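Single-letter residue listing:
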Amino acid sequence: MTEFTPIGSTAGGMLIGLSAVLLMLFMGRIAGISGILSRLLPPAAPDWGWRAAFIAGMAAAPLLAWAVTGAPPVQAVSGDFVLMAVAGLLVGFGSVFGNGCTSGHGVCGLSRLSARALTATLVFMATAIVTVFVARHVIGG
Amino acid sequence: MGKVIGFVTGLVFGLGLVVSGMANPAKVLNFLDLFGTWDPSLAFVMGGAVLVTFVGYRLTWTRKIPLLGGVFELPRRRDLDLRLITGAAAFGIGWGLGGFCPGPAVTSVLLAAPGTLVFVPAMLLGMWGARQLPANALAAREPAPERA
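Nothing here was measured: the structure is a model prediction, and the numbers come from that model.

Caption draft 1: Representation of the packing of helix H6 (residues 115–139) of chain A against helix H4 (residues 82–98) of chain B in the model. Relative orientation of the contacting elements H6(A) and H4(B) amounts to 35 degrees, with a least axis distance of 7 Å. As H6(A) packs across H4(B), the resulting crossing turns out to be right-handed. Contacts between H6(A) and H4(B) involve Arg116(A), Thr119(A), Ala120(A), Val123(A), Phe124(A), Met125(A), Thr127(A), Ala128(A), Thr131(A) and Val132(A) on the former and, on the latter, Leu84(B), Ile85(B), Ala88(B), Ala89(B), Phe91(B), Gly92(B), Ile93(B), Trp95(B), Gly96(B) and Leu97(B). Tallied by class, the residues present in the contact of H6(A) with H4(B) amount to 14 nonpolar, five polar and one charged.

Spelled out as structure tokens, the structure:
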């Protein structure tokens, strides 16, 4: 079980939105994490500087939260290495092949009222829900 | 200046993931577990994010160009093709297995949970692999130019 946190989750979501808006306002770019990250891989995009800085900022965030609150962010990550390796491969491949992930399609794309983004979001939500159902209630049940 | 904006926006994005609980895979998996220990919190993350982005984008686009120059680079494709569908489907399966999508995974790297340190290199390998495929693999037609 995890606690239902409507206020914290809405506030956090609004920070994500603020980041997406600022990136568009200053740089004219979509805040799609799979795109920002994957174009750092060789051959890196010519504009790799802001991309690397964005990724560094993301990685620094939990440390800042830790310093401010005095406690590390609560996290429960599976220690099943085979599962996490397969999950990582699918997430990395799928997000680049399908041109976006939760941020690019789910947040920025829906905000642009893009039919492609809506389709991708419905598809990945559906396969994720089915995957969790099978893992927890069919195999694990 | 681009690097400063990149760092600050990345930091704000990461803080959003931490504050919202989305950086915690257990919370993500419970959101996806509609028929079990369902935690609807992440719907509020999406709601808050889309609300701010929807309004903020429209205010931003009243400008002709971004504050640091250049152009607003927006995807221009409208076609729904097999590439989009299969990519999203594979991504969703991986998301449902590990509870990580790219943003939370990157944000979690320095917290250094063993599972994260396996997930992230595998994700980068998957991304690299997808970039090795021809740009038009499973696409309906040649991709349109991305510049707006």
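Caption draft 2: Here's a closer look at helix H2 (residues 25–32) of chain B. Among the eight residues of H2(B), seven are classified as buried, and the element is accordingly described as predominantly covered. Residues of H2(B) that are buried: Pro25(B), Lys27(B), Val28(B), Leu29(B), Asn30(B), Phe31(B) and Leu32(B). Structurally, H2(B) contributes buried residues whose contacts are with helix H1 (6–27) and H6 of chain A together with helix H1 (2–20), helix H3 (41–60) and H4 of chain B.

Caption draft 3: Structural context of the UniProt feature "transmembrane region" (unreviewed entry) in chain A. The UniProt record marks residues 6–27, 48–69, 81–101 and 113–135 of chain A with the feature "transmembrane region" (unreviewed entry), using the residue numbering of this structure. Summarising residues 48–69 of chain A: 100% helix, 0% strand, and an end-to-end C-alpha distance of 32 Å.

Caption draft 4: Expanded view of the environment of Phe13(B). Examined against the element boundaries, Phe13(B) turns out to sit in helix H1. Once the C-alpha coordinates of Phe13(B) and Pro66(B) are considered, the two residues, 53 residues apart in sequence, prove to be 19 Å apart. Those residues within four positions of Phe13(B) in sequence are excluded, and the remaining contacts are Ile16(A), Ser19(A), Ala31(A), Ile33(A), Phe54(A), Met58(A) and Ser103(A).

Caption draft 5: Region of interest: the state of the cysteines. Using the criterion set out here, one finds zero disulfides over all chains in the structure. Cys101(A) takes part in no disulfide bond, and the closest cysteine sulfur, belonging to Cys101(B), lies 6.1 Å away. Accessibility expressed as a relative area gives 3% for Cys101(B), which makes it buried.

Caption draft 6: The environment of Arg116(A), seen in detail. Within the fold, Arg116(A) resides in helix H6. For the pair Arg116(A) and Leu89(A), spaced 27 residues apart in sequence, the C-alpha separation works out to 23 Å. Excluding anything up to four places from it in sequence, Arg116(A) contacts Asn99(A), Arg77(B), Arg78(B), Asp79(B), Leu80(B), Asp81(B) and Leu84(B).

Caption draft 7: Region of interest: the packing of helix H4 (residues 81–97) of chain A against helix H6 (residues 114–132) of chain B. Packing of H4(A) against H6(B) leaves a shortest axis separation of 6 Å and a crossing angle of 35 degrees. The element H4(A) and its partner H6(B) pack so that their crossing is right-handed. Facing H4(A), whose interface residues are Phe81(A), Met84(A), Ala85(A), Ala87(A), Gly88(A), Leu89(A), Val91(A), Gly92(A), Phe93(A), Ser95(A), Val96(A) and Phe97(A), H6(B) presents Pro114(B), Gly115(B), Val118(B), Phe119(B), Ala122(B), Met123(B), Leu125(B), Gly126(B), Met127(B), Gly129(B), Ala130(B) and Arg131(B). Class assignment of the residues belonging to the contact of H4(A) with H6(B) gives a composition of 17 nonpolar, six polar and one charged.

Caption draft 8: Structural detail: the interface of chain B and chain A. Residue-level contacts link 108 residues of chain B with 103 residues of chain A. A combined buried area of about 9,600 Å² lies between chain B and chain A, and 76% of that area is made up of carbon and sulfur atoms. Area buried by chain B at its contact with chain A is led by Phe13(B), Tyr57(B) and Arg131(B), which between them contribute 8% of it. Inspection of the region where chain B meets chain A yields three salt bridges.

Caption draft 9: Summary view of H6(A). The end-to-end C-alpha separation of H6(A) is 34 Å, in line with the 36 Å expected for 25 residues at 1.5 Å each. The largest bend in H6(A) comes to about 25 degrees, at Phe133(A). Among the residues of H6(A), Arg116(A), Ala117(A), Thr119(A), Ala120(A), Thr121(A), Val123(A), Phe124(A), Thr127(A), Ala128(A), Ile129(A), Thr131(A) and Val132(A) are the ones counted as buried. Where H6(A) is buried, its residues meet helix H5 (102–111) of chain A together with H2 and H4 of chain B. With a side-chain oxygen lying 3.3 Å from the backbone nitrogen of Arg116(A), the N-terminal cap of H6(A) falls on Ser114(A).

Caption draft 10: Highlighting the UniProt feature "transmembrane region" (unreviewed entry) in chain B. Residue and element names in this part refer to chain B. Following the UniProt record, the feature "transmembrane region" (unreviewed entry) maps to residues 41–61, 82–100 and 106–128 here. Across residues 41–61, helical content stands at 95% and strand content at 0%; the span's end C-alpha atoms are separated by 30 Å. Span residues 106–128 is 78% helix and 0% strand, its end C-alpha atoms 16 Å apart.

Caption draft 11: Looking closely at the packing of aromatic side chains. Summed over the entire model, instances satisfying the criterion amount to nine aromatic pairs over all chains. Considering the side-chain rings of Phe133(A) and Phe35(B), the 5.4 Å spacing of their centres and the 80 degrees angle between planes classify their relative orientation as edge-to-face. Linking Phe133(A) in helix H6 with Phe35(B) in the loop between H2 and H3, this pair reaches from one chain into another. For Phe133(A), a relative accessible area of 34% corresponds to the partly exposed category. One aromatic cluster is present, built from ring pairs that chain together Phe124(A), Phe91(B) and Trp95(B). One residue, Lys3(B), lies across the ring of Trp48(A), its end atom 5.5 Å from the ring centre. Its end group placed over the ring of Phe54(B), Arg58(B) keeps NZ or CZ at 3.8 Å from the ring centre.

Rules behind the numbers
- Residues numbered from 1 in each chain as written.
- Chains lettered and ligands numbered in written order.
- Predicted model: local features only at pLDDT ≥ 70, side-chain atom pairs only at ≥ 80, totals over all residues.
- Heavy atoms only, no water.
- Axes fitted to C-alpha atoms, helices over the stretch in contact; angles between N-to-C directions.
- Helix = DSSP H or I, 4+ residues; strand = E, 2+ residues; numbered from the N terminus.
- Left-handed = near helix turned anticlockwise from the far one by under 90°.
- Contact = heavy atoms within 4.5 Å.
- Nonpolar A, V, L, I, M, F, W, Y, C, P; charged D, E, K, R; others polar.
- Buried < 20%, exposed > 50% of the residue type's maximum accessible area, 1.4 Å probe, protein only.
- UniProt positions renumbered as here; feature names shortened; annotations may be inferred.
- Disulfide = S-S within 2.5 Å.
- Buried area = accessible area lost by both parts, 1.4 Å probe.
- Salt bridge = Lys/Arg side-chain N within 4 Å of Asp/Glu carboxyl O.
- Expected span 1.5 Å × (residues − 1).
- Bend = angle between axes of the 7 residues up to and from the residue.
- Polar contact = N/O pair within 3.5 Å; in protein donor to acceptor, adjacent residues only side chain to side chain.
- Phe/Tyr/Trp six-rings, centres within 6.5 Å; stacked < 30°, edge-to-face > 60°.
- Lys NZ or Arg CZ within 6 Å of the ring centre and 35° of its normal.

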